[in-house]
Amino acid sequence: MRSVAAAQKREHGGVKIGSAFFGWLTATGMAVLLTALIAAIGAGVGVVNNTNVTNAKNTASSNASTVGVVGAIVLLLIVLVAYYCGGYVAGRMARFNGIRQGIAVWLWALVIAIVLAILAAVAGEKYNLLAKLNAFPRIPVKEGTLTTTGIVALIAVAAASLIGAMLGGLGGMRYHRAIDRTDPYAGHN
């Protein structure tokens with residue numbers, strides 16, 4: 001049975017760019033959905049507590065460090081879960097090399113972000129898609145005023161997304177390993 005799986009891996013292994021692209025789409029969609037869910041929960045808490053926007057702003061201003069830490073943790077969790085889902089899809093679709101599939105999902109995100117940033121720089125601020133889309137989880141720092149805290153947050157988000165994608169790729173690949181272990185015909189060619 002191991003020889004069959006090894007032969008399949010040699011024949012069909014490697015990074016599958018299409019699988020990684022669909023993993024990136026899944027990660028992006030999941031990030032949007034999770035961000036919307038967190039925003040809805042926050043709005044619901046505000047309604048239940050009879051809090052308006054001014055009260056929420058004043059409370060956030062007085063507890064800025066607490067809100068910042070909680071916001072950073074929530075952002076990291078959203079990114080981790082979203083990229084886990086994206087890596088899972090890529091690993092499941094590609095069947096082999098789960099960690100590589102996860103890294104490829106992360107690389108798709110990096111390449112697309114760079115392309116959009118270049119397009120925004122060439123076309124002007126009017127066409128900056130990343131600044132206009134508020135559905136994605138964002139580091140609460142303007143692009144032009146990146147501070148040490150912003151750089152640390154950016155590195156943390158990049159690390160969380162990469163780790164999530166790699167773990168997801170392993171998870172997606174594991175499904176096929178379980179099938180291979182229970183397949184009564186795997187050793188019969």
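1. Observations regarding the overall build of the protein chain
From N to C terminus, the protein chain includes 7 helices and 0 strands. Listing every helix and strand of the protein chain by position from the N terminus yields α-α-α-α-α-α-α. Every one of the 189 residues in the protein chain was classed for burial, and the buried ones make up 25%. Taking contacts inside the protein chain between residues at least 6 apart in sequence as the whole, the part at least 24 apart equals 83%.

2. Here we look at the environment of A82
In this structure, A82 sits in helix 4 (residues 64-94). Sequence separation between A82 and T28 is 54 residues, and the spatial gap between their C-alpha atoms is 7.0 Å.

3. Re the packing of aromatic side chains
Applying the stated criterion across every chain, the model contains 3 aromatic pairs. For the pair F21 and W24, a centre-to-centre distance of 5.8 Å together with 35° between the ring planes defines the contact as tilted. On the criterion of helical spacing, the pair formed by F21 and W24 is a turn pair, its members being 3 residues apart in helix 2 (residues 17-48). The class of W24 is buried, set by a relative accessible area of 14%. With a centroid separation of 5.0 Å and 65° between ring planes, the pair formed by F21 and W108 is classed as edge-to-face. Here F21 is found in helix 2, whereas its partner W108 is found in helix 5 (residues 98-123), with 87 residues between them in sequence. Residue classification places W108 among the partly exposed residues on the basis of a relative accessible area of 26%. Feature note: the residues F21, F22, W24 and W108 constitute an aromatic cluster, connected by ring pairs.

4. Topic: the nonpolar core
In summary, soluble globular proteins display a tendency toward joint burial of nonpolar side chains. W24, V79, Y83 and V105 are the most contacted members of the largest nonpolar core, which has 14 residues in total. Looking at this core, the elements that each hand over two or more residues are helix 2, helix 4, helix 5 and helix 7 (148-182).

5. What to know about the confidence of the model for the protein chain
Mean pLDDT over the protein chain stands at 76; residues scoring 70 or higher make up 63%. Within the protein chain, helix 5 carries the highest mean pLDDT (88), whereas helix 3 (residues 53-62) carries the lowest (54).

6. A look at helix 5
Relative to the 38 Å expected for 26 residues at 1.5 Å per residue, helix 5 spans 37 Å between its end C-alpha atoms, a close match to the ideal helical length. Within helix 5, burial applies to G98, Q101, G102, A104, V105, W106, A109, I112 and A120. G124 lies just past helix 5 and shows a positive phi near 105°.

7. Some details on the side chain of S161
Topologically, S161 is positioned in helix 7. Under the relative-accessibility criterion, S161 is labelled buried at 6%. Polar contacts involving the side chain of S161 include one to the side chain of W106, which spans 2.9 Å. Beyond its immediate chain neighbours, meaning those up to four positions away, S161 contacts V79, Y83 and W106.

8. What to know about the side chain of S19
Topologically, S19 is positioned in helix 2. Accessibility expressed as a relative area gives 8% for S19, which makes it buried. Residues contacting S19, with those up to four places away along its chain left out, are A90, M93 and A94.

Rules and cut-offs
Residues numbered from 1 in each chain as written. Predicted model: local features only at pLDDT ≥ 70, side-chain atom pairs only at ≥ 80, totals over all residues. Heavy atoms only, no water. Helix = DSSP H or I, 4+ residues; strand = E, 2+ residues; numbered from the N terminus. Buried < 20%, exposed > 50% of the residue type's maximum accessible area, 1.4 Å probe, protein only. Contact = heavy atoms within 4.5 Å. Phe/Tyr/Trp six-rings, centres within 6.5 Å; stacked < 30°, edge-to-face > 60°. Core = buried A, V, L, I, M, F, W, Y, C linked by side-chain atoms within 4.5 Å. pLDDT = per-residue confidence, 0-100. Expected span 1.5 Å × (residues − 1). Polar contact = N/O pair within 3.5 Å; in protein donor to acceptor, adjacent residues only side chain to side chain.

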